Amino acid sequence: MKSLNRLFKPASVAVIGASEVPGKAAERRTRSLIQGGYPGKIFLINPKRDTLFGRKAYPSILDIGEEVDLVMVVVAPKLIPQAVADSVKMHARGIVIITAGLGETGEEGKRIEAEILRTATEGGAKIIGPNCSGLFSAAGGMNLLGVPPIQKGPLAVIAQSGNIIDSITHYAEIRGVGLSHIISAGNAIGIQFHEYIDYLGQDEGTKAILMYMEGIKEGGEIVRAAREVSKRKPIVILKVGRSKAGARAAASHTGSLAADDAVVDAAFRQAGIVRVANVDEMFDVAMAFANMPLPKGNRVAIVSEGGGDNSVAADNAEHFGLEVPVLPQATQERIRPFLLAGMPASNPIDYGGTAEENPDVINKVVEALMEEQGIDSVYVTGFFGGFKEIIAPHVGELEEKTSRELVRLMRQFGKPIAVHTSFAQAPFPSMEILSKNGVLLTTSSERAAQCLACMAKFSARREKLALARSLPAIQVDAAAARTLIEGVKQEGRKNLLETEARELLSLYGIPLPPAKLAKTPEEAAAAASAVGFPVALKILSPEILHKSDAGGILLNLGDEKAVREGFAAVVTNAGKVSHPEKVLGVLVAPMAQKGQECIVGMIRNPQFGAVLMFGLGGIFVEVLKDVSFRVAPPSDLDLDEMIHEIKGYPLLAGVRGRKPKDTAILKEILQRVAQLASDHPEIQEVDINPIIVHEQGASVVDARIIIT
């Protein structure tokens, strides 16, 4: 955190390329810095001017005569390398580069970016941008965004897009949302997202972090940082690009299944990140987090003056994962006197017309619900706030009293209250009381449920993350594994033969049944007798990865004659898709005992690094696609959740009288694959499919490993 302090709380700021020309990017940002009340020293750099904004202007930053903490650069791309070099000479700790037209435009721009990053790094300076809008720091009193004064508040914003920054800033103003930081990351060649997350996670003025992301770099570090910060405060991310998500073409099942957006979703869940779909949703969810107490669970009580609103709210609540439990009889009896005769008090609660003339009924019902231990949040829906329009003007004062009481109840009992009403945006005092005091107020029944659900899920996730434990390193023969991998590289191959994959997995303690390589029918028959019938035959060729597709697998061969004939058949089939000299023989292995077929894999994702995969296995894995992902290294919680979250988990837990399978061995294999990936970065894909899981132990039937 200390490494970024001088960027967000600088004692001095220099603007290279400062301007007074109205409308220019430099002019707007210089003006917002000066007029925003920045308390430190300001140095304006422009070789063509003696003064700017009534202040002295310097020909060069080198002419200032003292060190500068933060430098903002707004000059042409060709001038940036010199500006960065000069800033480093003045011992700048941070350099904000507004200029566009660099790495996003082509190779020359990327060359300039590499040069300035090297210069800054060697000089101990950190770069924000380039191609960014600037930054805002409430704690530092600094506005380098070129926008009007920004209201200070508990939300921090990080975004890759300058346009989105402008939109978010304007949106925050409209919504009356206060901000602690606004960081326009731009091309992000210097400071990375995980560094911002680390910093804001420790910032006392920030209660929730909002992020807009287009691409992801160093995703593994983002998961690491977010996993820690989520134990203290929520991170809400709008990650675009869902429609472009797809599986990367690869030589294994794991590669074809690791759709980018599926991995993003899994990584965000793993780190406790709340993912949203648009800016409006992002602000509502973030404001709920910033202003209301977290619920202890997902049980919600719904109250309204009409059954229709209650039904819609209940559907929305359950859609987003909230539970709408039946209230205990004692609580129902406590509520019933405030309801119209015959109205249900079970949950949802319909007080009928009683609240329209006397809104205090709402408070009485809500107070009873707040005191009920089996309720974690309250969801008020209907026309509250508009009773004075519907019934009579004098009801407005009663609604104001009710709003003040709802605020008090939320604070007293520490349970969130969401109010959905079509009058939420009306300029009525009752509505202003709720919104200004943190009660979630919205015109959308769906959004009210969504925000409460996000809070409940985050609350539960935070507790789990606090209990999660890192996994200890496993003692393995990494040196022997390195020798094996280097041998494959020297042969110019990228895929390990199954015999090599089996040996590598064995070095990492992953149990495999015995298997023998045969090069003739007679050797195959002898091998089958040695390992025990029935057996499976599998072709061995560096040119054949998917053996079943090539007709290179035969199963359940029960005698030597069948093995000899099978040997000839698979070799013939292999010759149709592989050069004969590349057919190295046939692997003879005993048939595994019956169990549940699963798959364990690892894909080296360009965004997140090593990503683990688990799911139901066999030949239909790509059809069912019942898989889970986690970014490595996993915690004990990650491994447990990977097993439990697939739809086919009941098959492992035991259904219809079947005994449960050994899920502990699956977790162990996942952990060992994660360490294999960590120890050997050149491994791009691991595909163990199928693993047949038994009541005790598991049998690895096939394995593929791809390296660079």
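Scroll up a little and you will see the structure.
Residues numbered from 1 in each chain as written. Predicted model: local features only at pLDDT ≥ 70, side-chain atom pairs only at ≥ 80, totals over all residues. Heavy atoms only, no water.

A. Structural context of the overall build of the protein chain. A count of helices and strands for the protein chain gives 26 helices and 29 strands. In terms of overall dimensions, the protein chain has C-alpha extents of about 95 × 80 × 40 Å along its principal axes. Per-residue burial for the protein chain yields a buried fraction of 55% across its 708 residues. Within the protein chain, contacts between residues separated by at least 24 positions form 71% of all contacts whose residues are at least 6 apart in sequence. Accessible area of the protein chain: about 29,100 Å², with a carbon and sulfur share of 52%. Considering the protein chain, the positive charge centre built from 77 side chains and the negative charge centre built from 82 side chains are found 3 Å apart. (Helix = DSSP H or I, 4+ residues; strand = E, 2+ residues; numbered from the N terminus. Buried < 20%, exposed > 50% of the residue type's maximum accessible area, 1.4 Å probe, protein only. Contact = heavy atoms within 4.5 Å. Areas by Shrake-Rupley, 256 points an atom, 1.4 Å probe, with all protein chains shown as cover. Lys, Arg positive; Asp, Glu negative; His and termini not counted. Charge placed at Lys NZ, Arg CZ, Asp CG, Glu CD.)

B. Structural detail: the sheet that holds strand β11 (residues 179-184). The 7 strands lie next to each other as β9-β8-β11-β10-β12-β13-β14, forming an open sheet whose pairing is mixed. Taken across any chain shown, the strands that pair with only one partner, and hence form the sheet edges, are β9 (142-143) and β14 (274-276). The pairing of strand β12 (residues 208-213) with strand β13 (residues 235-239) spans 5 bridges and is classified as parallel. Along β13, the bridge assignment pairs M211 with I237. Against the sheet, helix α5 (residues 162-175) makes contact with β10 (152-159), β11 and β12, and its axis sits at roughly 160° relative to β11, the strand it touches most. (Pairing = 2+ DSSP bridges. Axes fitted to C-alpha atoms, helices over the stretch in contact; angles between N-to-C directions.)

C. Just helix α19 (residues 478-490), in detail. When the terminal C-alpha atoms of α19 are compared, their 18 Å separation across 13 residues agrees well with the 18 Å that a helix rising 1.5 Å per residue should span. Within the span of α19, buried status applies to A481, L484, I485 and V488. Projected down its long axis, α19 carries its buried residues within an arc of 95°, all on one side. In α19, the exposed positions that point more than 90 degrees away from the buried face belong to A479, T483 and Q490. Those residues of α19 that are buried lie in contact with α20 (498-507), β27 (683-693) and β29 (703-707). With its phi angle positive at about 75°, G492 sits one or two positions after the end of α19. (Expected span 1.5 Å × (residues − 1). Arc of directions from axis to C-beta.)

D. Geometry of the packing of helix α7 (residues 219-229) against helix α9 (residues 260-271). The N-to-C vectors of α7 and α9 enclose an angle of 30°; their axes lie 8 Å apart at closest approach. The residues of α9 that touch α7, namely those facing V223, A226 and R227, are A267, Q270 and A271. Of the residues contributing to the contact of α7 with α9, the split by class is 4 nonpolar, 1 polar and 1 charged. (Nonpolar A, V, L, I, M, F, W, Y, C, P; charged D, E, K, R; others polar.)

E. How the structure looks around helix α14 (residues 360-371). The terminal C-alpha atoms of α14 lie 17 Å apart, and with 12 residues this matches the ideal 16 Å at 1.5 Å per residue to within 8%. Looking at α14, one finds that the buried residues are V361, I362, N363, V365, V366, A368, L369 and M370.

F. Summary view of the sheet that holds strand β18 (residues 417-421). Taken in spatial order, the 5 strands make up an open sheet running β16-β15-β17-β18-β19, and their pairing is parallel. Both edges of this open sheet fall to β16 (349-350) and β19 (440-442), since each of them pairs with a single strand only. Lying over the sheet, helix α11 (residues 307-319) contacts β15 (300-304), β16, β17 (377-382) and β18, oriented at roughly 160° with respect to β15.

G. Main features of the environment of L555. Structurally, the position occupied by L555 is in strand β22 (residues 553-557). What L555 contacts, discounting residues up to four positions off in sequence, is V535, A536 and M591.

H. Spotlight on the pattern of salt bridges. With the rule as written, the count across this model stands at 42 salt bridges. We note a salt bridge from K126 to E195, for which the minimum N-O separation is 3.5 Å. One end of the pair, K126, is in strand β7 (residues 126-128); the other, E195, is in helix α6 (residues 193-201), with 69 residues separating them in the sequence. Put simply, E333 and R336 hold a salt bridge, and the shortest N to O gap is 3.5 Å. (Salt bridge = Lys/Arg side-chain N within 4 Å of Asp/Glu carboxyl O.)

I. Expanded view of the packing of aromatic side chains. As enumerated under the stated definition, the model contains 6 aromatic pairs in all. The interplanar angle of 70° and the centroid separation of 6.0 Å between the aromatic rings of F43 and Y58 together place this pair among those described as edge-to-face. Placement of F43 in strand β2 (residues 41-45) and of Y58 in strand β4 (residues 55-58) is noted, with a sequence separation of 15 residues between them. Between F289 and F458 the ring centres are 5.2 Å apart and the planes differ by 75°, which places this aromatic pair in the edge-to-face class. Here F289, found in helix α10 (residues 279-291), pairs with F458, found in helix α18 (residues 445-467); they are 169 residues apart in sequence, far enough to count as distant. By relative accessible area, which is 8% here, F289 ends up buried. (Phe/Tyr/Trp six-rings, centres within 6.5 Å; stacked < 30°, edge-to-face > 60°.)

J. Structural detail: a nonpolar patch on the surface. On the surface, F383, I390 and I391 cluster together into a nonpolar patch covering about 250 Å² of accessible area. Given the relative accessible area of 35%, I391 is considered partly exposed. (Patch = residues over 30% accessible without salt bridge, like charges linked within 9 Å, V, L, I, M, F, W, Y side chains within 5 Å.)

K. Layout of the side chain of D261. Mapped onto the elements, D261 comes out in helix α9. By relative accessible area, which is 11% here, D261 ends up buried. A distance of 2.9 Å separates polar atoms of two side chains, one belonging to D261 and the other to R275. (Polar contact = N/O pair within 3.5 Å; in protein donor to acceptor, adjacent residues only side chain to side chain.)

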